[in-house]
Amino acid sequence: MAFYCARLSAKPILASLGRLPLTLKSAHYAQAAAVPKVNFKKYEPPKPEHYDDKNARLKRPLSPHLTIYAPQLTTLLSVSHRAAGIILSGYASVLGIGALVLPNDVSHYIMMIEGLNLSPATIFLAKFLIAAPFGYHFANGIRHLYWDTAKGLSIKEVYSTGYIMLATAAVITLFLAAL
């Protein structure tokens, strides 16, 4: 114990405590008469403000949108893949509802189209427009399945498979239109 006390008194921190000025002499205490009176306001719920109005009031900038970016092959292929899927869904919906609602079968409507005596170029163009979403979506779907194997994900490979997919989609579409 004596060793412990001797060690404490030898520390420079304890030795400098005597030199500190007393701060209690200079402390000022608030008088009871100087306490301010508290007034309460009636609660008003905040007024609803639209998100865009709040951002305009606070002078916040708009977030970047697709319009500020330069078009890239990857972006265009992604957007067109989704658009082709939507078009194919529309085909399936129209054909399914048409099969349920229309009074005649498909052969009747094919004979009606043949009765129009359209030129072969017009028929080929119509078949091309119908087959293009399928050919594109099919070829790009195979590309996505390739990516699911964790291959071809570098930027160079993404661009090269994109160009290969476009060529494959064109071949598939031409083949289907030529049937």
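On a predicted model such as this, the values are computed, not experimentally measured, just so you know.

**Student:** Honestly, the packing of helix α6 (residues 120-147) against helix α7 (residues 155-178) in this entry has me stumped. Any pointers?
**Tutor:** Relative orientation and spacing of two packed helices are given, respectively, by the angle between their axes and the distance between those axes. Across the interface, α6 lies against α7 with an axial gap of 7 Å and an inter-helix angle of 145°. Between α6 and α7 lies a crossing of right-handed hand. Grouping the constituent residues of the contact of α6 with α7 by class yields 18 nonpolar, six polar and two charged.

**Student:** Can you walk me through a nonpolar patch on the surface in this structure?
**Tutor:** Where nonpolar side chains cluster on the molecular surface, the patch consists of I113, L116, L118 and I123 and spans about 360 Å² of accessible area. Mapping I113 onto the fold places it in helix α5 (residues 106-114).

**Student:** Whenever I open this one, unusual backbone geometry confuses me. Can you help?
**Tutor:** For residues other than glycine, phi is negative in most cases, and the peptide bonds are mostly trans. Residue K59 is not a glycine yet carries a positive backbone phi of 55°. Checked against the element boundaries, K59 lands in the loop between α3 (51-57) and α4 (73-101). Positioned with a positive phi, A150 is a non-glycine residue whose angle comes to about 65°. Secondary-structure assignment places A150 in the loop between α6 and α7. Among the residues examined, A150 registers a relative accessible area of 61% and is labelled exposed.

**Student:** Would you mind going over the packing of aromatic side chains with me for this structure?
**Tutor:** Aromatic ring pairs are reported here in terms of the distance separating the ring centres and the angle at which the planes meet. All chains considered together, the criterion is met by two aromatic pairs. Consider the rings of F134 and F138, whose centres lie 5.8 Å apart with planes at 15°: the pair is stacked. With a gap of four residues between them, F134 and F138 both fall in helix α6, about one helical turn apart. By relative accessible area, which is 40% here, F134 ends up partly exposed. According to the relative accessible area criterion, F138 is partly exposed, its value standing at 42%.

**Student:** In this structure, what is going on with the layout of surface pockets? I would like to understand it.
**Tutor:** Over the atoms, a rolling probe the size of a water molecule traces out where space has been left empty. Taken as a whole, the largest pocket holds about 790 Å³ of empty space. Lining the largest pocket are 19 residues, and of these L95, V106, I110, I113 and I130 lie nearest its centre. Within the residue set of the lining of the largest pocket, elements represented by two or more residues are α4, α5 and α6. A per-class count over the lining of the largest pocket returns 13 nonpolar, three polar and three charged.

**Student:** Teacher, can you tell me more about the side chain of R143 here?
**Tutor:** When you line up the elements, R143 lands in helix α6. Buried charge without a partner: R143 forms no salt bridge, and the closest opposite charge is E157, 10 Å away. At a separation of 2.9 Å, a polar atom in the side chain of R143 contacts the main-chain carbonyl oxygen of V158. Contacts of R143, omitting those with residues within four sequence positions, involve L77, V158, T161, G162 and M165.

**Student:** Help me out: how do you make sense of the environment of N140 in this one?
**Tutor:** Here N140 is to be found in helix α6. Through-space distance from the C-alpha of N140 to that of G162 is 8.1 Å; in sequence the pair is 22 residues apart.

**Student:** Can you walk me through α4 in this structure?
**Tutor:** Every α-helix carries 3.6 residues per turn, so stepping three or four residues along brings you back to the same face. Between the first and last C-alpha of α4 there are 41 Å, a value that for 29 residues agrees with the 42 Å anticipated at 1.5 Å per step. Inspection of α4 places L73, L77, H81, A84, G85 and G98 among the buried residues, and these make up the whole buried set.

Conventions and cut-offs
Residues numbered from 1 in each chain as written. Predicted model: local features only at pLDDT ≥ 70, side-chain atom pairs only at ≥ 80, totals over all residues. Heavy atoms only, no water. Axes fitted to C-alpha atoms, helices over the stretch in contact; angles between N-to-C directions. Helix = DSSP H or I, 4+ residues; strand = E, 2+ residues; numbered from the N terminus. Left-handed = near helix turned anticlockwise from the far one by under 90°. Nonpolar A, V, L, I, M, F, W, Y, C, P; charged D, E, K, R; others polar. Patch = residues over 30% accessible without salt bridge, like charges linked within 9 Å, V, L, I, M, F, W, Y side chains within 5 Å. Areas by Shrake-Rupley, 256 points an atom, 1.4 Å probe, with all protein chains shown as cover. Salt bridge = Lys/Arg side-chain N within 4 Å of Asp/Glu carboxyl O. Buried < 20%, exposed > 50% of the residue type's maximum accessible area, 1.4 Å probe, protein only. Phe/Tyr/Trp six-rings, centres within 6.5 Å; stacked < 30°, edge-to-face > 60°. 1 Å grid on protein atoms, 1.4 Å probe; cavity = no way out; pocket = protein on both sides within 12 Å on 5 of 7 lines; lining within 4 Å. Points joined across faces, edges and corners; volume = space filled by probe spheres on them. Lys, Arg positive; Asp, Glu negative; His and termini not counted. Polar contact = N/O pair within 3.5 Å; in protein donor to acceptor, adjacent residues only side chain to side chain. Contact = heavy atoms within 4.5 Å. Expected span 1.5 Å × (residues − 1).

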